[in-house]
Amino acid sequence: DTGVSQNPRHKITKRGQNVTFRCDPISEHNRLYWYRQTLGQGPEFLTYFQNEAQLEKSRLLSDRFSAERPKGSFSTLEIQRTEQGDSAMYLCASSLGGGESYEQYFGPGTRLTVT
Amino acid sequence: KQEVTQIPAALSVPEGENLVLNCSFTDSAIYNLQWFRQDPGKGLTSLLLIQSSQREQTSGRLNASLDKSSGRSTLYIAASQPGDSATYLCAVRAAGAGSYQLTFGKGTKLSVIP
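All values derive from a computational prediction rather than experimental measurement.

When you go through chain B residue by residue, the secondary structure sums to 0 helices and 11 strands. Going from the N terminus to the C terminus, chain B shows its helices and strands as β-β-β-β-β-β-β-β-β-β-β. A compact globule built from 114 residues would reach a C-alpha radius of gyration of about 13 Å, and chain B, at 14 Å, matches this within 12%. In terms of overall dimensions, chain B has C-alpha extents of about 45 × 30 × 20 Å along its principal axes. Burial status across chain B gives 46% buried among its 114 residues.

Below, the structure written as structure tokens:
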């Protein structure tokens with residue numbers, strides 16, 4: 001399968017713990033995006049990478065959140081000192097380019113539950 | 001700030017019926033619009049992308065139209081099947097340098113009854 005992959009698929013953690021998610025984009029895609037989706041809502045943008053450079057961040061990305069894409073391939077999203085409000089589906093997407101003809105392709109998501 | 005609205009929030013139709021899902025957006029300065037399908041607890045599957053200069057796109061039984069000036073898009077599904085049951089999301093990407101994020105609606109939950 002050459003689609004976007006995310007690990008883990010599910011994560012249950014206690015409030016205050018740190019968690020890290022991984023995203024592997026489609027191999028030739030140089031653009032990578034993170035979104036967060038809560039129940040009954042559409043996904044909300046968190047951050048965007050072009051190769052290894054983080055070029056856009058949402059105000060939703062508080063200082064407890066950090067994302068990296070060290071070699072321009074896979075990306076990690078870390079949440080420190082998790083809160084119950086962080087419970088959501090975290091979605092990763094990638095695209096081949098940034099022009100108007102380029103679709104964003106999404107992975108299966110990581111569902112985070114903070115207890 | 002771009003806002004995307006999808007109406008209706010839920011729709012139930014008998015198998016075989018043709019149907020239309022609606023999406024509206026407040027800022028007509030967009031690069032493109034994408035329609036996605038999401039099954040319960042799963043990620044998003046891209047269905048169609050319409051560039052700002054295009055009026056419609058077709059894929060199989062799906063046809064999406066775009067009227068940028070009025071801030072509207074529709075997704076037409078022909079001859080609906082139970083396997084079409086899912087939540088359908090539309091998303092727009094704003095025009096302008098340096099903005100790559102998609103802004104999503106809340107989706108329309110479609111149920112196709114056998």
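Structure shown, so let's carry the discussion forward.
What follows is about the pairing of strand 11 (residues 110-114) of chain A. Residues and elements named next belong to chain A. Of the two faces of strand 11, only the one carrying T110, L112 and V114 is buried; R111 and T113 on the other face are not. Alignment of strand 2 (residues 10-13) against strand 11, held across 4 bridges, turns out to be parallel. Considered in strand 11, the bridge of H10 is made with R111. In terms of strand pairing, strand 9 (residues 88-95) meets strand 11 through 3 bridges, oriented antiparallel. Its bridge partner being in strand 11, M89 is matched across the sheet by R111.

All right, on to the nonpolar core then. Membership of the largest hydrophobic core comes to 23 residues, with the highest contact counts inside it found for F25, L33, W35, L75, I77, Y88 and L110 of chain B. Residue assignment for this core shows that the elements contributing at least two residues are strand 3 (19-25), strand 4 (30-38), strand 5 (44-51), strand 7 (62-67), strand 8 (72-77), strand 9 (86-94) and strand 11 (108-113) of chain B. In this view, L75 of chain B contacts L19, V20, L21, W35, L47, L48, L62, N63, A64 and Y88 of chain B; residues no more than four positions away in its chain are not counted. The next biggest cluster of nonpolar side chains, apart from the first, holds 19 residues, and it includes V4, F65, L77 and C92 of chain A.

All right, on to the interface of chain B and chain A then. In this assembly, 25 residues from chain B lie in contact with 26 residues from chain A. With both sides pooled, the region where chain B packs onto chain A buries about 1,900 Å², and carbon together with sulfur makes up 47% of that total. Linking chain B with chain A are 0 salt bridges, by the criterion used here. Inspection of the region where chain B meets chain A yields 8 residue pairs in polar contact (both at pLDDT 80 or more).

Once that is clear, we can look at the state of the cysteines. Applying the stated criterion across every chain, the model contains 2 disulfides over all chains. Here C23 of chain A pairs with C92 of chain A through a disulfide, and the sulfurs are 1.8 Å apart. One disulfide, between C23 of chain A and C92 of chain A, carries an S-S torsion of -65 degrees and so falls in the left-handed class. Of this pair, C23 of chain A sits in strand 3 (residues 19-24) while C92 of chain A sits in strand 9, and the two are 69 residues apart along the sequence. Residue C23 of chain A is classed as buried on the basis of its relative accessible area, which comes to 0%. Since its relative accessible area comes to 0%, C92 of chain A is described here as buried. The disulfide that involves C23 of chain B links it to C90 of chain B, with 1.9 Å between the sulfurs. Taking the sign of the S-S torsion, about 65 degrees here, the bridge from C23 of chain B to C90 of chain B comes out right-handed. With C23 of chain B in strand 3 and C90 of chain B in strand 9, this residue pair connects regions lying 67 residues apart in the sequence. Of the two residues examined, C23 of chain B and C90 of chain B, each falls in the buried class.

This brings us to the sheet that holds strand 8 (residues 75-79) of chain A. All names here are of chain A. Taken together, 4 strands build an open sheet; the order of strands is 1-3-8-7 and the sheet is antiparallel. Strands with a single pairing partner mark the edges of an open sheet, and in this sheet they are strand 1 (5-7) and strand 7 (65-68). Ignoring which end each strand starts from, the neighbouring axes of this sheet average 15 degrees apart. Of the strand pairs in this sheet, strand 7 and strand 8 are connected by 4 bridges, and their pairing is antiparallel. Within strand 8, the residue paired with E68 across the bridge is T76.

In this structure the tally under the stated criterion is 9 aromatic pairs over all chains. Judged by centre distance (5.3 Å) and plane angle (45 degrees), the ring pair of Y35 of chain A and F106 of chain A falls under tilted. A residue pair is termed long-range when its members are at least 10 positions apart, and Y35 of chain A in strand 4 (residues 31-37) and F106 of chain A in strand 10 (residues 105-106) qualify at 71 residues. Classification of F106 of chain A as buried rests on a relative accessible area of 10%. Between F106 of chain A and F36 of chain B, the ring centres sit 5.3 Å apart and the planes meet at 85 degrees, which makes this aromatic pair edge-to-face. Note that F106 of chain A is positioned in strand 10 and F36 of chain B in strand 4, a pairing that runs across two chains. Taking relative accessible area as the criterion, F36 of chain B reaches 0% and is therefore assigned buried. The rings of Y35, F45 and F106 of chain A together with F36 and F104 of chain B are connected pair by pair, giving a single aromatic cluster. Here the basic side chain of R22 of chain A rests over the ring of F74 of chain A, its NZ or CZ set 3.9 Å away from the ring centre.

The rules behind these values
- Residues numbered from 1 in each chain as written.
- Chains lettered and ligands numbered in written order.
- Predicted model: local features only at pLDDT ≥ 70, side-chain atom pairs only at ≥ 80, totals over all residues.
- Heavy atoms only, no water.
- Helix = DSSP H or I, 4+ residues; strand = E, 2+ residues; numbered from the N terminus.
- Rg over C-alpha atoms; globule rule 2.2 N^0.38 Å.
- Buried < 20%, exposed > 50% of the residue type's maximum accessible area, 1.4 Å probe, protein only.
- Pairing = 2+ DSSP bridges.
- Core = buried A, V, L, I, M, F, W, Y, C linked by side-chain atoms within 4.5 Å.
- Contact = heavy atoms within 4.5 Å.
- Buried area = accessible area lost by both parts, 1.4 Å probe.
- Salt bridge = Lys/Arg side-chain N within 4 Å of Asp/Glu carboxyl O.
- Polar contact = N/O pair within 3.5 Å; in protein donor to acceptor, adjacent residues only side chain to side chain.
- Disulfide = S-S within 2.5 Å.
- Axes fitted to C-alpha atoms, helices over the stretch in contact; angles between N-to-C directions.
- Phe/Tyr/Trp six-rings, centres within 6.5 Å; stacked < 30°, edge-to-face > 60°.
- Lys NZ or Arg CZ within 6 Å of the ring centre and 35° of its normal.

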